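# Structure at a glance
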Amino acid sequence: MIALRESQRALFSIHDVMPGTMDDVGELLGLCRGHGVDKVTLLVVPGCKWQSADLRQLLTWQAMGCELAGHGWGHRCQSIRGLKHRLHSFLLSRDVAEHLSLDERGIVRLMSDCAQWFSCNGLGCPELYVPPAWAFGRVRHAMLTELPFSMIETLSGVRSIRQSRQQLLPLLGFEADTWARESALRSFNSLNRKAANLSKKPVRVAIHPQDHRLRLSQQLNETLGHPWKPVSYRQMMVDGTN
Ligand SMILES: [Zn+2]
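Residues numbered from 1 in each chain as written. Predicted model: local features only at pLDDT ≥ 70, side-chain atom pairs only at ≥ 80, totals over all residues. Heavy atoms only, no water.

An unreviewed UniProt entry lists the protein under the name DUF2334 domain-containing protein, from Rhodopirellula bahusiensis.

Below is the structure:
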C-alpha cells in the first residue's frame, strides 16, 4: 500500500445507517474509537422503519460527537432507467442510486423529505447530504439553494451550496464483497492515495456497515490505524482544503 503522510487530514464517514445496520455501525464506531478516530459522520437513511430505540441510539451517537448526514430516502431505486444508470448500477451502485431514477423535481422533493425527517425526529437538520452511491443526478444550482443542506458529497468531492464551489477530494472505500470489487477498490484506493499525497487535501475514508467483515477488512484496519488528523466536514469547509 502507498504510504500516506502523518497528520494528513481525513474525513471519516459510515454509510447506510438504518435500523438493520445499527449493530454493525456500533461495532465500526468502536473500531474507529479504538484507533483514535474521534470524528465520524454517520450517513442516515430516513425512509426505513425506525423504532424509538433506534432513534435514541442516533441521539446518543450525536451526543458523543458524531455528525449526522442525510443519505437519500429509501436507499433503493424505483427503476433503473437509461444506459448511464444501467452502467452505474452494474459497476458501482447496484440498485441503491435512487437519484438516478428521478427527475430534478423528484430529487429535490426526496432531499427535502430527508431534511424534514431529521428535524421532525429532534436530530436537527444535517449540513451534509450524500446521495446513495454518491450518484447525485442533475439538479440546477438555484434549486439546491432552496434546500436546508449546505454541502453535498459526490464521488469526486464535496460541493458547498452557498459558496457554489466544488472541492475535489481523494476517496478510499472498502465495500468489497466480491473478488471483482476487491480488485477494483484496491486499484481505486491506490490511485486515490497517490492523489492524496500529491494534493495534500483531506482524504475521505468511506466505511460501509459490513466492511470490517469483507475482503478489504485488513486494509480498513490499516487505514484506520494511520496517524491521521480527523476533521469534520463542517470544519473542512470552514478551513478550506489548503
Ligand atoms: Zn449508501
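## Some remarks on the overall build of the protein
Under the convention used in this document: Numbering goes from the N terminus for both helices and strands, where a helix is a DSSP run of H or I of at least four residues and a strand is a run of E of at least two. Values of the radius of gyration come from C-alpha atoms, whereas the globule rule sets the reference at 2.2 Å times the count of residues to the power 0.38. Contacts were defined at the residue level, with two residues in contact if any of their heavy atoms lie within 4.5 Å. All accessible-area figures derive from a Shrake-Rupley calculation using a 1.4 Å probe, and residue coverage is judged against the displayed protein chains alone. By the counting scheme adopted, Arg and Lys are positive, Glu and Asp are negative, and His together with the chain ends is not counted. All charge positions are set by atom: Lys at NZ, Arg at CZ, Asp at CG, Glu at CD.
Check the secondary structure of the protein and you find 8 helices and 10 strands. Relative to the 2.2 N^0.38 estimate, which gives 18 Å for 242 residues, the radius of gyration of the protein is 17 Å and therefore close to what a compact globule would have. Considering only contacts in the protein between residues 6 or more positions apart, those separated by 24 or more positions represent 72%. Carbon and sulfur atoms provide 52% of the accessible area of the protein, an area that totals close to 11,600 Å². Charge centroids of the protein, computed over 29 positive and 22 negative side chains, lie 6 Å from each other.

## Brief notes about helix H2 (residues 52–63)
Defined as follows: The span expected for a helix works out to 1.5 Å for each residue beyond the first. Think of it in three bands: residues with accessible area under 20% of the maximum for their type are buried, residues over 50% are exposed, and the middle band is partly exposed, with areas taken using a 1.4 Å probe on protein chains only. The arc refers to the directions leading from the helix axis to the C-beta atoms.
Over its 12 residues, H2 runs 16 Å from end to end, which matches the ideal 16 Å to within 8%, given 1.5 Å per residue. Inspection of H2 places Asp54, Leu55, Leu58 and Trp61 among the buried residues, and these make up the whole buried set. Each buried residue of H2 lies within a common arc of 115 degrees when the element is viewed along its axis, so the set occupies one face. Pointing more than 90 degrees away from the buried face of H2 are the exposed residues Ser52, Arg56 and Ala63. Positive phi appears at glycine 65, one or two residues downstream of H2, with a value of about 110 degrees.

## Concerning the pairing of strand E6 (residues 157–160)
Using the following cut-off: By this definition, two strands are paired if DSSP reports at least two bridges between them.
Bridge analysis of strand E5 (residues 151–153) against E6 gives 3 bridges, and the strand direction is antiparallel. The residue bridging methionine 151 from the neighbouring strand is serine 160, located in E6. Counted along the chain from E5 to the antiparallel partner E6, the turn is 3 residues long. In this sheet, strand E7 (residues 165–168) lies alongside E6 in antiparallel orientation, the contact comprising 4 bridges.

## Here's the deal with the pattern of salt bridges
Put simply, the rule reads: Criterion for a salt bridge: a side-chain nitrogen of Lys or Arg within 4 Å of a carboxyl oxygen of Asp or Glu.
By the definition in use, this model includes 7 salt bridges. Note that arginine 186 is salt-bridged to glutamate 182, the shortest N-O span being 3.1 Å. Of this pair, arginine 186 and glutamate 182 both sit in helix H6 (residues 179–199), 4 residues apart, roughly one helical turn. Residue classification places arginine 186 among the partly exposed residues on the basis of a relative accessible area of 40%.

## Points about the coordination of the zinc ion
Selection criterion: In this description, a donor is an N, O or S atom within 2.8 Å of the metal centre, a cutoff extended to 3.2 Å for sodium, potassium and calcium. Water is not part of the atom list, which can make sites seem incomplete.
Protein ligation of the zinc ion involves Asp16 (OD), His71 (NE2) and His75 (NE2), the donor distances falling in the range 2.0 to 2.1 Å. Along the chain, the residues donating to the zinc ion are arranged with the sequence spacing D-x54-H-x3-H. With aspartate 16 in strand E1 (residues 9–17) and histidine 71 in the loop between strand E3 (67–70) and helix H3 (82–93), this pair connects stretches of sequence that are 55 residues apart. Judged by relative accessible area, which is 9%, aspartate 16 ranks as buried.

## Quick look at H6
Taking 1.5 Å per residue as the helical rise, H6 with its 21 residues ought to reach 30 Å, and the 30 Å between its terminal C-alpha atoms agrees with that figure. Among the residues of H6, Arg181, Glu182, Leu185, Asn189, Asn192, Arg193 and Ala196 are the ones counted as buried. Mapping the buried residues of H6 onto a view down its axis gives an arc of 110 degrees, with all of them on the same face. Within H6, the exposed residues directed more than 90 degrees away from the buried face are Trp179, Leu191 and Leu198.

## A few points about the packing of aromatic side chains
Formally: Two aromatic rings from Phe, Tyr or Trp, using only the six-membered ring of Trp, form a pair when their centres are within 6.5 Å; if the ring planes differ by under 30 degrees the pair is stacked, by over 60 it is edge-to-face, and anything between is tilted.
Summed over all chains, the structure comprises 4 aromatic pairs. Look at tyrosine 129 and phenylalanine 149: their rings are 5.1 Å apart centre to centre, the planes differ by 50 degrees, and that puts the pair in the tilted class. Taken as a pair, tyrosine 129 in strand E4 (residues 128–129) and phenylalanine 149 in the loop between helix H5 (141–144) and E5 lie far apart in primary sequence, 20 residues in all. The residues tyrosine 129 and phenylalanine 149 share a single accessibility class, namely buried. Through a chain of ring-to-ring contacts, the aromatic side chains of Trp50, Trp117 and Phe118 assemble into a single cluster.

## Examining the packing of helix H1 (residues 22–34) against H2
We apply this condition: Every axis in this analysis is a line fitted to C-alpha atoms, fitted for helices over the stretch in contact. Angles between the N-to-C directions lie between 0 and 180 degrees. With respect to orientation, any angle under 35 degrees is reported as roughly parallel, any angle over 145 as roughly antiparallel, any angle of 65 to 115 as roughly perpendicular, and every other angle as oblique. In this scheme the crossing of two helices becomes right-handed for a clockwise turn of the near helix relative to the far one and left-handed for an anticlockwise turn of less than a right angle. Lys, Arg, Asp and Glu make up the charged group, whereas Ala, Val, Leu, Ile, Met, Phe, Trp, Tyr, Cys and Pro make up the nonpolar group; the residues left over, Gly among them, are polar.
Where H1 meets H2, the axes come as close as 12 Å, and the angle between the chain directions of the two elements is 15 degrees. Here H1 lies roughly parallel to H2, going by the angle between them. H2 is crossed by H1, and the crossing has left-handed handedness. Contacts between H1 and H2 involve Met22, Val25, Gly26 and Leu29 from the former and Asp54, Gln57, Leu58 and Trp61 from the latter. Tallied by class, residues from the contact of H1 with H2 come to 5 nonpolar, 2 polar and 1 charged.

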